[in-house]
Amino acid sequence: MNYRIFVLGCALAGLAACDDVPGGSGGSAQFIQTLPEGVIEKAAPNQDLTAVKIDEVDGCYVYRHVGPVETTFLPLRTRAGNPICSRPAEPAPAPAA
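If you're wondering where the values come from, they're calculated on a predicted model, not measured in any experiment.

Quick look at the overall build of the protein now. The number of helices and strands found in the protein is two helices and three strands. Overall, the protein shows an N-to-C arrangement of helices and strands of α-α-β-β-β. Contacts spanning at least 24 positions in sequence make up 42% of the contacts within the protein whose residues lie at least 6 apart. With the model as given, the accessible surface of the protein reaches about 7700 Å², and the carbon-plus-sulfur share is 60%.

Next comes the structure, spelled out in structure tokens:
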């Protein structure tokens, strides 16, 4: 009986591993195929412009950085170090009086 439960548990864990992970390497469909010319001109060198998407949280462009240990998304920045965004930043809330 314990063997059957163990096998069933392993099978379920194996099937769960097949689920697509958000933000993972789900293919190039999630990336912007053609970046706007203004973004290309503003972007600092040494950033991967072939794997860029817009962060849903803040509306800024992020690019895929493949490092020696992990692959992560970093903000796409100008030569001055400012993030490049597709929409204006939200205004800060007024302080309570």
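Under the counting rule described, the total for this entry stands at one disulfide. The partner cysteine of Cys60 in its disulfide is Cys85, sulfur to sulfur 1.8 Å. Between Cys60 and Cys85 the disulfide shows an S-S torsion of about 65°. By sign, it is right-handed. Taken together, the residues span a long stretch of sequence, with Cys60 in the loop between strand 1 (52–54) and strand 2 (61–66) and Cys85 in the segment after strand 3 (71–75) at a distance of 25 residues. With a relative accessible area of 10%, Cys60 lands in the buried category.

If a residue is not glycine, its phi is most likely negative; likewise, a peptide bond is most likely trans. Here Asn46, not a glycine, exhibits a phi torsion of approximately 65°, which is positive. For Asn46, the position within the fold is in the loop between helix 2 (37–42) and strand 1. With relative accessibility at 78%, the residue Asn46 sits in the exposed group.

In this section: the confidence of the model for the protein. On average, the protein scores 80 in pLDDT, and the residues at 70 or more come to 66%. Across residues 19–28, where pLDDT falls below 50, the model places five contacts with residues more than four positions away in sequence or in other chains.

Moving on, we come to the side chain of Gln47. Relative to the helices and strands, Gln47 resides in the loop between helix 2 and strand 1. Owing to a relative accessible area of 14%, Gln47 belongs among the buried residues under this scheme. Polar side-chain contacts of Gln47 include one of 2.9 Å to the backbone oxygen of Ala44.

Let us now look at the pairing of strand 2. Consecutive side chains along a regular strand alternate between the two faces of the sheet. Bridging between strand 1 and strand 2 involves three bridges; their strand directions are antiparallel. Each residue of the ladder has a partner; that of Lys53, found in strand 2, is Val62. Taking the residues that link successive antiparallel strands as the turn, the strand 1-strand 2 hairpin has six residues, and the phi of Gly59 there is positive, at about 80°. As defined by bridge partners, strand 2 adjoins strand 3 across five bridges and the pair is classed as antiparallel. Counted as the bridge partner of Val66 is Thr71 from strand 3. Between the antiparallel neighbours strand 2 and strand 3 lie four residues.

Criteria and cut-off values
Residues numbered from 1 in each chain as written. Predicted model: local features only at pLDDT ≥ 70, side-chain atom pairs only at ≥ 80, totals over all residues. Heavy atoms only, no water. Helix = DSSP H or I, 4+ residues; strand = E, 2+ residues; numbered from the N terminus. Contact = heavy atoms within 4.5 Å. Areas by Shrake-Rupley, 256 points an atom, 1.4 Å probe, with all protein chains shown as cover. Disulfide = S-S within 2.5 Å. Buried < 20%, exposed > 50% of the residue type's maximum accessible area, 1.4 Å probe, protein only. pLDDT = per-residue confidence, 0-100. Polar contact = N/O pair within 3.5 Å; in protein donor to acceptor, adjacent residues only side chain to side chain. Pairing = 2+ DSSP bridges.

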